[in-house]
Amino acid sequence: MKVVGVGCGPGMLTAEAAAVISGATLMYGSPRAIALARAAIRPGCEVHEIEDYRALRSLPAGAVVLSTGDPMLAGLGYLPGEVVPGISSLQVAFARLKIPLVRAAVVSAHGKDHARAVADAREEVLRGRVVFLIADPAFDVGALAAALPLETRVAVCEDLGYPEERIAVGTGAEPPAVRGDLFVVVAGEF
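Quick caveat: nothing in here was measured; it's all calculated off a predicted structure.

**Q** What is the right way to look at the overall build of the protein in this model?
**A** Within the protein one finds 5 helices and 10 strands. Taken over the C-alpha trace, the protein has a radius of gyration of 17 Å; the compact-globule value for 190 residues is 16 Å, and the two agree within 12%. In the protein, which comprises 190 residues, the share counted as buried stands at 48%. Relative to all contacts within the protein whose residues are 6 or more apart in sequence, the contacts with residues 24 or more apart total 61%. Surface accessibility of the protein: about 9,100 Å² in total, with carbon and sulfur atoms responsible for 54%. Within the protein, the 21 negative side-chain charges are centred at a point lying 4 Å from the centre of the 17 positive side-chain charges.

**Q** Sorry if this is basic, but what is going on with helix α1 (residues 15-22) here?
**A** The α-helix winds at 3.6 residues per turn, so residues separated by three or four positions along the chain end up facing the same way. Along α1, the residues that are buried comprise Ala 17, Val 20 and Ile 21. Taken end-on, α1 shows its buried residues confined to a sector of 100°, consistent with a single buried face. If you follow the buried residues of α1, they end up packed against β1 (2-5), β2 (26-29), α2 (31-37), β4 (64-67) and β5 (82-84).

**Q** Help me understand helix α4 (residues 114-126), please; the structure alone is not making it clear to me.
**A** Taking 1.5 Å per residue, 13 residues should reach 18 Å; α4 reaches 18 Å between its end C-alpha atoms and fits that length. By the burial criterion, the buried members of α4 are Ala 117, Val 118, Ala 121, Glu 124 and Val 125. Seen from one end, α4 has its buried residues packed into an arc of 130°, which puts them on one side. In α4, the exposed positions that point more than 90 degrees away from the buried face belong to Ala 115 and Leu 126. Where α4 is buried, its residues meet β6 (104-108), β7 (130-134), α5 (141-147) and β10 (183-188). Put simply, Asp 113 is the residue that caps the front of α4, since its side-chain oxygen is 3.0 Å from the backbone nitrogen of Ala 115. Looking at the residues trailing α4, positive phi occurs at Gly 128, about 95°.

Reading the values: rules and limits
- Residues numbered from 1 in each chain as written.
- Predicted model: local features only at pLDDT ≥ 70, side-chain atom pairs only at ≥ 80, totals over all residues.
- Heavy atoms only, no water.
- Helix = DSSP H or I, 4+ residues; strand = E, 2+ residues; numbered from the N terminus.
- Rg over C-alpha atoms; globule rule 2.2 N^0.38 Å.
- Buried < 20%, exposed > 50% of the residue type's maximum accessible area, 1.4 Å probe, protein only.
- Contact = heavy atoms within 4.5 Å.
- Areas by Shrake-Rupley, 256 points an atom, 1.4 Å probe, with all protein chains shown as cover.
- Lys, Arg positive; Asp, Glu negative; His and termini not counted.
- Charge placed at Lys NZ, Arg CZ, Asp CG, Glu CD.
- Arc of directions from axis to C-beta.
- Expected span 1.5 Å × (residues − 1).
- Polar contact = N/O pair within 3.5 Å; in protein donor to acceptor, adjacent residues only side chain to side chain.

Keep in mind these values describe shape, not function.
In structure tokens:
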């Protein structure tokens with residue numbers, strides 16, 4: 001099995017990922033991952049939308065599994081087999097905000113305990129790190145901002161890589177509003 005990162009938005013498929021995808025005969029992915037890889041999928045490839053993530057471990061050895069962003073950043077990199085990295089939302093957000101990646105502390109709130117994620121993010125910001133928080137549509141940026149020092153910068157990065165990409169920057173005192181469901185949050189001194 002190969003787990004292939006397809007990037008966080010259109011046009012972010014690496015040459016290595018495109019080569020693996022174009023050589024595949026059996027592929028699995030979310031609708032979004034399949035859409036991001038569509039141009040590299042060869043005619044005749046058997047493509048399936050993932051219906052049960054628990055069943056992915058039992059796929060045939062030759063299967064290719066598509067993961068949005070990079071499989072090792074809260075993606076499908078835990079699956080057995082080779083991992084082909086992709087361009088992550090972390091890389092794109094930090095590039096857009098001109099923040100060195102070595103300052104990053106990653107916190108995931110995607111499908112997880114949001115209160116724990118807020119506490120972890122606060123702890124990292126107080127240590128001087130810049131938090132990259134992987135959010136889900138229900139995540140409350142206001143709750144995160146309220147837990148941070150008032151002057152802390154907070155950015156909401158939405159639809160990274162898509163034509164409708166939007167990055168809004170505020171502070172703990174006046175956090176930016178979220179407009180869509182596909183977003184990450186960056187918080188700290190940047």
